[in-house]
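# Summary of structural features
Residues per chain are reported as follows:
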Amino acid sequence: EGWEDSIHEYYKSNSQHTSQTSSAIDTNNGSTPQQLLSKLNLSYSLADHAITLDVTRKASDRGLYTRPLLSRNEIETLGVVALPNWIARPGGEEDSSIDNTSRGREMYMNRVLSCTTEYVEPPKSKTLRKLFSGWVPGPGERRPEDERGRGSRMDGDEDSKLVTAYSTSKSPQDDNEDDDNDDFEEVRSRSHSRQQTLMEPLPVRTVTTRIRPDVLCGAVMTALTTAVEKIGGEMTKRQGGHLRAIFPGRKMRVWMPGEWEREQSKVDEERDSEEQIRNTSFGSHDDSDSHSVASMLSSISFSSPGKAPKSRRPTFKVLPPYLVDAQLVTKKLGKECERVLLIRVYRIQDIAQQRSGSEDQEELLDVPAPLDLSANVDLKSDGKIIDLELESKRSVSALQDAASLVQRLKAVGGEGFAIDQPQPMLTPLDEQDNESVASHASTKSYLKSFGDVITSPIRYLSGSSVAPLLTSPTPSGSKTNTVMGLMSMELRRKCQASPSVGAYSKSDKSNGLYPCLAKEDAPYVQSSWIFLKACIEELDEHCLGYSTLGVSPLFQSPSLAQIDVHYIAQIKAFCRESMIVSLVKTASELEVYAREQEVSCSNLDHLLRPTFDAYKLAPPPLPKPVPLTAYPLDFQPPEELCPPWGPDVMKVLEKISDESTNDETRLSSFEHAMRAVSLVVAAFQRQHDVEQGSRLGRKNMQCMDRLAKMQAHKRNSILKIRDSYGSNLLATNAADDYHLLRQKSSNAGSLSDTIHSIPDQVPLLICNVLVGNSAGTCFITSSHILFHTQLVPIIGGDKVHLFSIKDVELTINPPSKAMLSPLPASISLTTSISRSKVTREEVYHFIPSIGARRFAKFLEVVRDVLVENPDTLKLTERGGLIYMYDEPK
């Protein structure tokens, strides 16, 4: 298993590189495959190593890196997962529904591997809330309603206050956080003292294992309870699908290779010798001489007259206690979902600090004393011996390989680092000499070490940045000169130490948080493996895990004949949450348009307020807002029509039950389970689509009502000023002055509308303008706009321009960027010069004092009121909308 064999075998098994190799072989028919493989520029990158270690980053996991908890070797050797006979003995199964080919066996093993996954980095509660439906806060975590603040009350402390502060330590480089602004934290303060932020405790290990859809929630919790009691834990909470337990520390003996077998052989020999002596003494009562001889021989055999040889004392390792929080939840996968058991492992001192609120008091939970387990071995029914301490080391070592890989991936990317092929691979495989590849690797390592001594002797003498936390157990006879092994060694050598979960700061985003790479947290990761193994064994033994579908068919005894009610309730919550997200997104678009019109109405009311004050008129009252619940909702919950899930879901459940009893389906249990869950999800979505349509209709009615009220308020405000001519003395005088200026207009004959001789147009808005280098005044009435400018200030001379609001259009010009004469945004008045109204020309250019945008918005409202039909808006006494576009009957 040299370098060339390992890298060639990897690229042969990889589908992408296999397609490239096959295409190269097709184009060069004259060469052998070995020669073509040797000509390829093969290199082993970090992305390739991630495929080897099964480290993935799925979108359904919110960008978090995951890996299978159990490797293929552990599944086959530890016996924690039951495999069907056709996997262990290929070719022995004659069932046509089973894909007994090598590809079918590979797909089955991949399914088993993906059933139990582990997060390389600890996800936070905010991320878990987005990943899982039915998730409840764990120990020390706050509920969503608590994050919005719970007042200024504190438990038993009158001087302290509970406030809600925005966390400014959020970094945009964090891949696990979204860019929303709802990251608030509760801060406890004491009368102007320094605020202390209570950080939520982070787990040292987060594992998910898939659960069958046809098993009871209570059965899963019972299996977890059995696993807790089996390894000496103490359960502190069990409620529904939520379980919490405390596990004591463990004193585990570190067995050397073959030491346990030698100890057992000695015990067996002593037991046989004692049995033989007992039998001999029992059969010779009357012969005292023979009895004395036997006792003498026994003393000679089992006692040493001289100095006893030095025996090596056994070594023990004490693993710390920990707390486990397990929940049966539903994982969100787009429009699909999976039933999983979420297991999180915490350090007990972190939970104690969170509950006490002080870093000095660490002992808050009652932790049992460490167990004295000298023989920490697991004997299987088939005679296999499993060393728990050794297997826990291997589990942590595999997790450390994945963590060091993820740390490097975040630093340089998938293709930023690679191991190229050595020199012997540059020649064809059949022409290689017998020179060892290990010699080249050792030479390169020696030269690199010599270069490191020259460049940085202190670094060379002090070792790598991270000391090996747990030695990776390698079986005897295994070689480390494979490309995968060399990559793992290189990543372990260059990885950086991770901070502990108890001392992690949000501002530390350089290398990430990896509990397995922290010296304080690695023992907790190793200690929790014993419970995880016992948990998976119990789930598999009682046919509760998803991987047991290959052994025990779906909806068959001992499982239920239908999907569990607890799972259906979580599916309903998941579909309803998706419906609410879609509803809020669509309703927000309607809300934005309605609020734009309300802002426009507020702008109009603000500009007309001085006019009402000048004429001493009372402005019309603003429309009162009507809540959304005041509008009718034409919807009846489907649970009332057909309890408890609705008609569509009940039909689907009956269909699934009929298919399970007929046994006519040719689908495997895995495909049958996926199809059954998909049907239930689709049924809930159909029911929620009806509710979403009804609620959107009610929201649309509210928005249309608000638009009608705003438009009516604009119209009433303008008409009240316009119709005040003759009834209000101040408004009448202002209209007469405006009529005198209008008669001086030089372009009055070019207007399309008729100018009446009666001066009934009351000015709505009067503002100052700048036209070129001349200052002036602008008058806006209900139908015209007039500009009165002075040609020469102080000396005299003026000019008046009159335009019809129907004839002109406004164009806002950007502000001037000149350094010497910076000017704000200006407005150009354009009018059509042909009947087609396609060609337009600028007839006036000015800068208003109230701002170009506010002026344009105001004129747009006046034009809308001028051209609209007054009978299009009919409102009730309450203000609700009856119709907008229909003609009155």
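Please refer to the structure placed before this passage.
First, a word on scope: everything that follows refers to the structure included in this document. Keep in mind that this is a model prediction, so the values were computed, not measured.

### Some thoughts on the packing of helix α19 (residues 565–615) against helix α24 (residues 852–867)
One way to put it is that α19 packs onto α24 with a least axis distance of 10 Å and a crossing angle of 100°. The angle between the axes of α19 and α24 places the two elements in the roughly perpendicular class. On the side of α19, the interface is formed by Ser600, Asn603, Leu604, His606, Leu607 and Leu608, while α24 contributes Arg854, Lys857, Phe858 and Val861.

### Remarks on the side chain of Glu591
With respect to the helices and strands, the residue Glu591 is situated in helix α19. Aside from chain neighbours lying at most four places away, what touches Glu591 is Lys699, Cys703 and Arg706.

### Quick look at the pairing of strand β12 (residues 250–254)
With 4 of 5 residues buried, β12 lies mostly within the body of the structure. In this structure, β12 lies alongside strand β13 (residues 315–319), joined through 5 bridges in antiparallel fashion. Bridged to Arg250 within β13 is Leu319.

### What about helix α21 (residues 647–662)?
Relative to the 22 Å expected for 16 residues at 1.5 Å per residue, α21 spans 23 Å between its end C-alpha atoms, a close match to the ideal helical length. Buried residues belonging to α21 abut α19 and α22 (669–722).

### Describing the pairing of strand β20 (residues 765–771)
Burial of β20 is one-sided: the residues Leu765, Cys767, Val769 and Val771 facing one way are buried, the residues Ile766, Asn768 and Leu770 facing the other way are not. As paired elements, β20 and strand β21 (residues 774–780) share 7 bridges and run antiparallel to each other. Bridging across to β21, Asn768 finds its partner in Thr777. In textbook terms, the turn of a hairpin is the stretch between consecutive antiparallel strands, and for β20 and β21 this stretch comprises 2 residues, one of which, Gly772, has a positive phi near 65°.

### Some words on the pattern of salt bridges
With the rule as written, the count across this model stands at 31 salt bridges. Here Glu591 ties to Arg706 by a salt bridge, and the two come within 2.9 Å at their closest N and O atoms. Of this pair, Glu591 sits in helix α19 while Arg706 sits in helix α22, and the two are 115 residues apart along the sequence. Like Arg706, Glu591 is buried. Taking the shortest distance from any N to any O, the salt bridge between Asp723 and Arg722 comes out at 3.2 Å. Residue class for Asp723 comes out partly exposed when judged on its relative accessible area of 49%. Exposure remark for Arg722: the relative accessible area of 35% places this residue in the partly exposed category. Where salt bridges share partners, they join Glu591, Arg595, Glu598, Lys699 and Arg706 into one cluster.

### Details of the nonpolar core
Counting 98 residues, the largest nonpolar core has Val220, Leu341, Phe531 and Ile571 as its most contacted members. Broken down by element, this core gets its largest block of residues, 10 residues, from helix α18 (residues 522–541). Ignoring any residue separated from it by four or fewer positions in sequence, one finds Leu341 in contact with Val207, Thr208, Thr209, Ile211, Val220, Met221, Leu224, Ala326, Gln327, Leu328, Cys535 and Leu539. By size, the runner-up hydrophobic cluster in this structure holds 35 residues, among which are Leu604, Ala734, Phe846 and Val865.

### Structural notes on the packing of aromatic side chains
One pass over the full model with this rule turns up 12 aromatic pairs. Geometrically, the ring pair formed by Phe247 and Tyr322 is stacked, given 5.1 Å between the ring centres and 15° between the ring planes. On the criterion of sequence distance, the pair formed by Phe247 in strand β11 (residues 242–247) and Tyr322 in strand β14 (residues 322–333) is long-range, its members being 75 residues apart. Here Phe247 matches Tyr322 in class, with each residue buried. Measuring from ring centre to ring centre gives 4.7 Å for Phe247 and Phe531, while their planes differ by 50°; the resulting arrangement is tilted. Taken together, the residues Phe247 in strand β11 and Phe531 in helix α18 connect sequence positions 284 residues apart. Of the residues examined, Phe247 reaches a relative accessible area of 1% and is grouped as buried. By relative accessible area, which is 1% here, Phe531 ends up buried.

Basis of the calculations
Residues numbered from 1 in each chain as written. Predicted model: local features only at pLDDT ≥ 70, side-chain atom pairs only at ≥ 80, totals over all residues. Heavy atoms only, no water. Axes fitted to C-alpha atoms, helices over the stretch in contact; angles between N-to-C directions. Helix = DSSP H or I, 4+ residues; strand = E, 2+ residues; numbered from the N terminus. Parallel < 35°, antiparallel > 145°, perpendicular 65-115°, else oblique. Contact = heavy atoms within 4.5 Å. Buried < 20%, exposed > 50% of the residue type's maximum accessible area, 1.4 Å probe, protein only. Pairing = 2+ DSSP bridges. Expected span 1.5 Å × (residues − 1). Salt bridge = Lys/Arg side-chain N within 4 Å of Asp/Glu carboxyl O. Core = buried A, V, L, I, M, F, W, Y, C linked by side-chain atoms within 4.5 Å. Phe/Tyr/Trp six-rings, centres within 6.5 Å; stacked < 30°, edge-to-face > 60°.

Without other data, these values stay purely geometric and don't point to any function.
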